[in-house]
Amino acid sequence: MIEINPVAATFVPKKKVSFEDVTTEETAKLYETDELKAFLSYVDKHRNIMYRTLIYTIAFTGMRQGEAVALKYEDVNLEKEAYSHQQNSVCEKRYTC
């Protein structure tokens, strides 16, 4: 039994964020369908299998970069067509992950 409430020290932000605020910020990072097709076509022609696999995994699962890099074979269930990511990889700013 937990003796203290782990969220007792949290607070609700005073500023309410609208759906438009979030979607405008987040959608700026997303590819349109034709942009994604063009990017993946480039990846198919110019990248090795390791990079292609990583990029396709990120593009079609919505994983973050660190989650995809930390993904292990045993995290993927091919029979259920599912995965579970338990870890995240973090790299230093001087490196490209």
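Residues numbered from 1 in each chain as written. Predicted model: local features only at pLDDT ≥ 70, side-chain atom pairs only at ≥ 80, totals over all residues. Heavy atoms only, no water.

Enquirer: Give a description of the overall build of the protein chain that names residues and reports values.
Expert: Scanning the protein chain from terminus to terminus reveals four helices and two strands. For the protein chain, the N- to C-terminal ordering of α and β elements is α-α-α-α-β-β. Out of the 97 residues in the protein chain, the part that is buried amounts to 8%. Nonlocal contacts in the protein chain, meaning residues at least 24 apart in sequence, comprise 3% of its contacts between residues at least 6 apart. (Helix = DSSP H or I, 4+ residues; strand = E, 2+ residues; numbered from the N terminus. Buried < 20%, exposed > 50% of the residue type's maximum accessible area, 1.4 Å probe, protein only. Contact = heavy atoms within 4.5 Å.)

Enquirer: Go over the layout of surface pockets with me, naming the residues and quoting the values.
Expert: To locate leftover empty space, one rolls a probe as large as a water molecule over the atoms. Considering only enclosed or pocket space, the second largest pocket measures out at about 230 Å³ in volume. Along its surface, the second largest pocket is lined by I49, M50, Y51, T53, L54, T57, A68, V69 and L71. Among the elements of the structure, helix 3 (49-61) and helix 4 (65-70) are those that each provide at least two residues to the lining of the second largest pocket. Class assignment for the residues of the lining of the second largest pocket results in seven nonpolar, two polar and no charged. (1 Å grid on protein atoms, 1.4 Å probe; cavity = no way out; pocket = protein on both sides within 12 Å on 5 of 7 lines; lining within 4 Å. Points joined across faces, edges and corners; volume = space filled by probe spheres on them. Nonpolar A, V, L, I, M, F, W, Y, C, P; charged D, E, K, R; others polar.)

Enquirer: Tell me about helix 3, residues and numbers included.
Expert: Three- or four-residue spacings in an α-helix give side chains the same orientation, since the helix completes a turn every 3.6 residues. Relative to the 18 Å expected for 13 residues at 1.5 Å per residue, helix 3 spans 18 Å between its end C-alpha atoms, a close match to the ideal helical length. Of the residues that open helix 3, the one with a side-chain oxygen 3.0 Å from the backbone nitrogen of M50 is N48. G62 occupies a position one or two residues after helix 3 and carries a positive phi of about 85°. (Expected span 1.5 Å × (residues − 1). Polar contact = N/O pair within 3.5 Å; in protein donor to acceptor, adjacent residues only side chain to side chain.)

Enquirer: For the packing of aromatic side chains, give the residues involved together with the corresponding values.
Expert: As enumerated under the stated definition, the model contains two aromatic pairs in all. A centroid spacing of 5.5 Å and a plane angle of 20° characterise the contact between Y31 and F39, whose relative ring orientation is stacked. With relative accessibility at 29%, the residue F39 sits in the partly exposed group. (Phe/Tyr/Trp six-rings, centres within 6.5 Å; stacked < 30°, edge-to-face > 60°.)

Enquirer: Got a sec to walk through the environment of V69? Specific residues and values, please.
Expert: Locating V69 in the fold gives a position in helix 4. Looking at V69, the relative accessible area reads 41%, which means it is partly exposed. Expressed as a C-alpha distance, the spacing of V69 and T57, which sit twelve residues apart in the sequence, is 9.9 Å.

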